[in-house]
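# Coordinate analysis (summary)
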Amino acid sequence: MNKRLCLLLSLFLLNGCSREFIEQLYDVDYTTTNRFANNLASLPGQFTKDPAELNRLIGSFSGKVKRQWGDDNALVSSKRQYVKYTDGYQSRAHVDFDRGIVTIETVAKTEPEKHLKEAITTTLLTPDNPAGVDLYSDQAIELKGKPFLYEQVLDQDGKPIEWSWRANQFADHLINTKLKKKKIRYQQAYYVEIPLVANSSKQRGYKYASIIKDASRRYDIPEDLIYAIIKTESSFNPYAVSHANAYGLMQVIPKTAGADVFKLVKKKPGIPSPEYLFDPRSNIDTGTAYFYILRNRYLKDVKNPTSLHYSMISAYNGGAGGVLNTFNKNDRKRAMNDLNSLQPNQVYWALTNKHPKAEARRYLEKVTAFQKEFNQGKI
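Parameters at a glance
- Residues numbered from 1 in each chain as written.
- Predicted model: local features only at pLDDT ≥ 70, side-chain atom pairs only at ≥ 80, totals over all residues.
- Heavy atoms only, no water.
- Helix = DSSP H or I, 4+ residues; strand = E, 2+ residues; numbered from the N terminus.
- Buried < 20%, exposed > 50% of the residue type's maximum accessible area, 1.4 Å probe, protein only.
- pLDDT = per-residue confidence, 0-100.
- Contact = heavy atoms within 4.5 Å.
- Polar contact = N/O pair within 3.5 Å; in protein donor to acceptor, adjacent residues only side chain to side chain.
- Salt bridge = Lys/Arg side-chain N within 4 Å of Asp/Glu carboxyl O.

## Quick notes on unusual backbone geometry
- Backbone geometry at Glu111 places phi at a positive 45°, although glycine is not the residue there.
- Within the element layout of this structure, Glu111 appears in the loop between β3 (101-106) and α5 (112-125).
- Under the relative-accessibility criterion, Glu111 is labelled exposed at 53%.
- Notably, Asp220 is not glycine yet its phi reads approximately 55°, a positive angle.
- Locating Asp220 in the fold gives a position in the loop between α8 (209-219) and α9 (223-234).

## Details of the confidence of the model for the chain
- Here the chain averages 85 in pLDDT, while 84% of its residues score no lower than 70.
- Below pLDDT 50 for its whole length, residues 1-51 participates in 130 contacts with residues either more than four positions away or in separate chains.

## Here's the deal with the environment of Asn375
- With respect to the secondary-structure elements, Asn375 resides in helix α16 (residues 358-375).
- On the accessibility criterion, Asn375 (52% relative accessible area) is exposed.
- Among the polar contacts listed, one links the side chain of Asn375 to the side chain of Asp224, at a separation of 3.0 Å.

## Focus on the pattern of salt bridges
- According to the stated counting rule, one finds 16 salt bridges in the structure shown.
- For the salt bridge of Arg92 with Glu105, the shortest nitrogen-to-oxygen distance reads 2.9 Å. In this pair, Arg92 is assigned in strand β2 (residues 91-96) and Glu105 in strand β3, connecting sequence segments 13 residues apart. Glu105 matches Arg92 in its accessibility class, with the two residues each being buried.
- Members of the salt-bridge network, linked through shared partners, are Arg92, Glu105 and Lys182.

Structure (structure tokens):
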């Protein structure tokens with residue numbers, strides 16, 4: 001049951017950024033491919049086709065969470081929200097990368113402080129390896145390797161946390177000095193909040209600097225653009241997932257952008273697996289290679305380099321079709337001519353004001369703003 005459930009959840013429960021791209025350019029089979037199942041082939045076809053069975057499986061997962069946390073307090077992971085349940089769904093960790101807050105809490109009825117301490121140490125020592133963490137069960141995490149939050153959280157002495165003794169020491173300190181309580185449904189929840197360091201986004205970004213530089217050189221795509229896309233897509237969260245089955249730092253969808261990169265750049269059949277895309281090096285390589293495809297294939301007729309730059313960013317989110325539809329919905333050749341007749345600032349205005357999708361309009365604004373921040377040393 002758990003394996004089947006994990007395969008299906010991400011399609012319905014997560015929030016992604018590239019849905020417009022899927023809808024406009026591809027005839028997509030939304031059957032999920034999910035890293036959290038050990039054997040994708042073991043899922044019988046009827047489970048993807050029988051709505052009643054599908055609803056039952058989804059209800060089983062959400063029911064386990066809601067039985068402990070209630071309808072209003074159920075959380076799931078997304079692009080910039082890491083959520084992991086443990087301890088029979090009694091405890092959970094929630095890293096909010098936008099707010100810069102780690103919240104660790106438990107609703108255990110007996111020895112809640114003991115359960116909370118275990119949840120704190122587990123969160124602090126969770127490894128920087130998404131392939132080893134099942135976000136859609138209460139499965140225990142194997143705590144080995146460099147922690148995910150290393151140098152993003154500092155203990156009471158201002159030290160980064162890498163080893164179990166320091167994590168346990170910090171957990172005791174938090175419980176003794178920072179413990180909070182609140183009512184969730186009809187039960188008491190015990191929790192602590194830990195701030196991420198002020199430059200936590202930079203800390204996460206630093207880890208991928210050499211990978212980004214390599215990808216930039218390989219595909220002749222600017223480093224600031226790659227950084228800005230990762231910041232926009234996942235806030236440098238390697239655990240990022242979306243309802244459109246987009247994975248990892250650059251939120252690559254295996255069956256669309258991933259398939260294009262394999263076919264047109266890598267010259268090999270098939271599509272990248274979720275495990276492949278959760279590897280930071282493979283993910284950044286694939287996402288950057290897709291920009292290469294946008295520049296040299298789908299948008300190759302855009303003449304002005306700055307207009308092309310804006311169009312590529314918009315297309316990464318809303319598809320090349322979305323870019324052209326901004327200028328003419330019925331005639332793509334005319335749309336390209338109209339685009340090329342405009343100055344870059346006019347192209348930018350059109351894509352941020354007239355694009356058919358509001359999300360794509362905001363996306364271009366966000367990415368270009370983050371590019372500026374990167375060049376000012378803020379990312």
